[in-house]
Amino acid sequence: MNERTSHPLKLFNSLTREIELFTPVHEGEARVYTCGPTVYNYPHIGNMRAYVFADLLGRTLSWKGYKLTHVINITDVGHLTDDADDGEDKLEKAAAERAQSIWDIAKHYTEAYWEDIKALNIRQPAHWSIATDYVPQMIEYAKGIADQHCYELDGGLYFDVSTIANYGSLARAATEDGEGRIDTVEGKRNAADFAIWRKTPEGETRQMEWDSPWGKGAPGWHLECSVMSEALLGLPFDIHTGGIDHREIHHPNEIAQNQAHSGCDHSGAHFWMHNNFLIDRAGKMSKSAGEFLRLQLLIEKGIHPLAYRLMCLQAHYRSELEFSWDNLVAALTRLKRILIGIERLREKAPNEPSGNADMSIHQVDEAISEDLNTARVLVIAESIAAMKDHASDRLEAIYKIDELLGLDLARLTRVDLRIRPKNIAITENEIETKLNERQQAKADKDFAAADAIRDELAAQGVDLMDGDPLRWEWSISI
Ligand code: AMP
Ligand code: ZN
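Before going into details, it helps to say that this report is about the structure given with it. From a predicted model like this one, the values you see are computed outputs, not experimental measurements.

**A word on the pattern of salt bridges**
Turning to step 1, where the next piece is worked out: Within the structure shown, the criterion is met by 19 salt bridges.
Turning to step 2, where the next piece is worked out: Notably, a salt bridge pairs aspartate 371 with arginine 318, separated by 2.8 Å at the nearest N-O pair. With aspartate 371 in the loop between helix H10 (358-369) and helix H11 (374-385) and arginine 318 in the loop between helix H8 (305-314) and strand S16 (321-322), the pair connects residues that are 53 residues apart, well separated along the chain.
Turning to step 3, where the next piece is worked out: Relative accessible area serves as the criterion here: at 2%, aspartate 371 is assigned to the buried category.
Turning to step 4, where the next piece is worked out: When the shortest N-O distance is used, the salt bridge between glutamate 382 and arginine 334 registers 2.6 Å. Of this pair, glutamate 382 sits in helix H11 while arginine 334 sits in helix H9 (residues 325-348), and the two are 48 residues apart along the sequence.
Turning to step 5, where the next piece is worked out: The network of salt bridges with common partners includes Asp55, Arg59 and Arg309.

Structure, rendered in structure tokens:
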């Protein structure tokens, strides 16, 4: 047993609402499925919290020595505007509104999502499973459960949730009467029943449709995740993740299908884990509501995306987190302080003997093993960065810890973190030149000239920070 495996990994399981010991289904391996984005629009920063969480979980499993197989899906068909089986297909709707091909829309937003993934230093999963690549398997899967668990209506093939024992136990909802659901589909046997195959309505055409025994149409969103997770990971696998909203409808429906298809009571995954929401002042973030916060907006305003990652890690993944620009800038400052410490350690390291970094790694392992206590891990990393002795050990420890945090601490520099909005006209060279002129004016005791330069820069949005202990030197107002 080494210092990374000395504490048993414990994770909160939404199925039991308890913290449980993680024991893998397959010795030495960890298999994780994450519900990915519906690519009809850009992801907002709340969505990205779900992937920072999934990445942290994956990094933790790797840290613990498990061979990780992580799958994240891309939903390019089937997700309706209402999770509870109502409304239009999100991608068909976007394509009609913008008079564009659905495939172009899916490609554009998938690429935008991958850009955010990269900017947040989220590791590549073993598979990005694209829903439209699995439609034949989905049809086969649906055929396999149709007789015993489904019925047909005009709208398509519906799953009868009463054919499953304990339907909805993940959501803990009183599902007999379909609590919280609006029953708009005539003929449904139970309010919670959901379409696993949606027929293209008479007289309408869809850009994406496939032949099936239940007519031309498209698969239901819930079906997709059951099929892809089973195809790529086998049942049962270790952990299924998603945002907390999925605990109510999407995941209970996946579980119902998994039970129907496997013929056993097992939910399909040993752990179901959910991140809580990132919210803004106005409440729930939404990418359907026109104006929304994208990671690219943060970047355009000059905030390094890893400051956003740190902001997520400061909170526990099961706590709601409120977004504000002040919180984000505070996270940026915190990251910068860590980097200043690292730079100081780097200067000293060549002259320091190395010993061992086990003590702090042991503490980090203890914190991360307690249901991913990243707030504590950050504090440990921060305190190591602030130390002045044993520089090479400290550095080694910080780099190891960053395997969990993913803040790119070995490469990032404090200059990378300077706030610099993309739309500002003045260049960095111009700022530096002005700063040098001002320095000279001060040395010449020409304070009027020094003040004039300060005012000139301020007029262009550049704030100077004389004697700033964090050595920001200047920043640009956002
Ligand atoms: P979607 O693309 O809408 O299917 O959402 C992608 C992921 O983001 C899902 O796991 C959602 O549960 C999650 N999610 C949606 N909104 C938020 C939010 N405000 N904070 C955290 N996660 C969210
Ligand atoms: Zn899913």
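Moving on, there is more to tell.
**Concerning the packing of H9 against H11**
Turning to step 1, where the next piece is worked out: Orientation of H9 relative to H11, taken along the N-to-C sense of each, is 40 degrees, at an axis distance of 8 Å. With respect to H11, the axis of H9 lies oblique. Of the two possible hands of crossing, H9 and H11 adopt the one that is left-handed. Between H9, through Arg334, Ile338, Gly341, Ile342, Arg344 and Leu345, and H11, the contact on the second element is made entirely by Leu378, Val379, Glu382, Ile384 and Ala385.
Turning to step 2, where the next piece is worked out: For the contact of H9 with H11, the class distribution of residues is 7 nonpolar, 1 polar and 3 charged.

**Topic: the pairing of strand S8 (residues 150-153)**
Turning to step 1, where the next piece is worked out: Across 4 bridges, the pairing between S8 and strand S9 (residues 156-159) is antiparallel. What sits directly across from tyrosine 151, in S9, is tyrosine 158.
Turning to step 2, where the next piece is worked out: Between S8 and the antiparallel strand that follows it, S9, lie 2 residues.

**Things to note about the site of ligand 1**
Turning to step 1, where the next piece is worked out: Lining the immediate environment of ligand 1, one finds 18 residues, of which Gly46, Tyr51, Gly243, Asp245 and Leu278 sit closest.
Turning to step 2, where the next piece is worked out: In the model, an oxygen atom of ligand 1 is placed 3.1 Å from a nitrogen or oxygen of the threonine 38 main chain.
Turning to step 3, where the next piece is worked out: Contact with the protein chains hides 94% of the accessible area of ligand 1, taken as 490 Å² for the molecule alone.
Turning to step 4, where the next piece is worked out: Of all the elements in the fold, those that place two or more residues in the shell around ligand 1 are helix H1 (45-63) and strand S12 (237-243).
Turning to step 5, where the next piece is worked out: By residue number, the principal contributor to the shell around ligand 1 is H1, which donates 4 residues.

**Points about the side chain of threonine 132**
Turning to step 1, where the next piece is worked out: Assignment of secondary structure puts threonine 132 in the loop between strand S7 (127-130) and helix H4 (135-149).
Turning to step 2, where the next piece is worked out: Within polar-contact distance, the side chain of threonine 132 engages the side chain of aspartate 76 at 2.5 Å.
Turning to step 3, where the next piece is worked out: Here threonine 132 is in contact with Asp76, Val77, Trp103, Met208 and Trp210, once residues within four sequence places are set aside.

**What to know about the coordination of the zinc ion (ligand 2)**
Turning to step 1, where the next piece is worked out: Within the protein, the zinc ion (ligand 2) binds to Cys35 (SG), Cys225 (SG) and His250 (NE2); these donor distances fall in the range 2.1 Å.
Turning to step 2, where the next piece is worked out: Donor residues for the zinc ion (ligand 2) sit on one chain with the sequence pattern C-x189-C-x24-H. Of the two residues, cysteine 35 is situated in the loop between strand S3 (29-34) and H1 and cysteine 225 in helix H5 (residues 221-233); the sequence distance between them amounts to 190 residues.
Turning to step 3, where the next piece is worked out: The class for cysteine 225 is buried, based on a relative accessible area of 0%.

**Regarding the sheet that holds S12**
Turning to step 1, where the next piece is worked out: Read from one edge of the open sheet, 5 strands run S7-S4-S3-S12-S13, paired in parallel fashion. Since the sheet does not close on itself, it has two edges, and those belong to S7 and strand S13 (269-275), each with one partner. Averaged over all pairs of adjacent strands, the angle between strand axes in this sheet comes to 20 degrees, irrespective of strand direction.
Turning to step 2, where the next piece is worked out: Of the strand pairs in this sheet, S12 and S13 are connected by 6 bridges, and their pairing is parallel. Following the sheet pairing, phenylalanine 237 is matched in S13 by alanine 269.

**Concerning the environment of aspartate 416**
Turning to step 1, where the next piece is worked out: Along the chain, aspartate 416 turns up in the loop between helix H12 (391-405) and helix H13 (428-443).
Turning to step 2, where the next piece is worked out: Distance in space between the C-alpha atoms of aspartate 416 and histidine 304 is 7.4 Å, their sequence separation being 112 residues.
Turning to step 3, where the next piece is worked out: Engagement of the side chain of aspartate 416 in a polar contact is seen with the backbone nitrogen of threonine 413, the distance being 2.8 Å.

**Focus on the nonpolar core**
Turning to step 1, where the next piece is worked out: Core analysis: the biggest nonpolar cluster contains 125 residues, and Phe159 and Tyr308 have the highest contact counts within it.
Turning to step 2, where the next piece is worked out: For tyrosine 308, the contacting residues outside a window of four places in its chain are Ile45, Gly46, Met48, Arg49, Leu120, Leu278, Leu295, Leu298 and Leu328.
Turning to step 3, where the next piece is worked out: One finds Ile431, Val462, Trp474 and Ile476 within the second-largest nonpolar core, a separate group that totals 9 residues.

Definitions and limits used
- Residues numbered from 1 in each chain as written.
- Chains lettered and ligands numbered in written order.
- Predicted model: local features only at pLDDT ≥ 70, side-chain atom pairs only at ≥ 80, totals over all residues.
- Heavy atoms only, no water.
- Salt bridge = Lys/Arg side-chain N within 4 Å of Asp/Glu carboxyl O.
- Helix = DSSP H or I, 4+ residues; strand = E, 2+ residues; numbered from the N terminus.
- Buried < 20%, exposed > 50% of the residue type's maximum accessible area, 1.4 Å probe, protein only.
- Axes fitted to C-alpha atoms, helices over the stretch in contact; angles between N-to-C directions.
- Parallel < 35°, antiparallel > 145°, perpendicular 65-115°, else oblique.
- Left-handed = near helix turned anticlockwise from the far one by under 90°.
- Contact = heavy atoms within 4.5 Å.
- Nonpolar A, V, L, I, M, F, W, Y, C, P; charged D, E, K, R; others polar.
- Pairing = 2+ DSSP bridges.
- Near = heavy atom within 4 Å.
- Polar contact = N/O pair within 3.5 Å; in protein donor to acceptor, adjacent residues only side chain to side chain.
- Areas by Shrake-Rupley, 256 points an atom, 1.4 Å probe, with all protein chains shown as cover.
- Donors = N, O, S within 2.8 Å, 3.2 Å for Na, K, Ca; no water.
- Core = buried A, V, L, I, M, F, W, Y, C linked by side-chain atoms within 4.5 Å.

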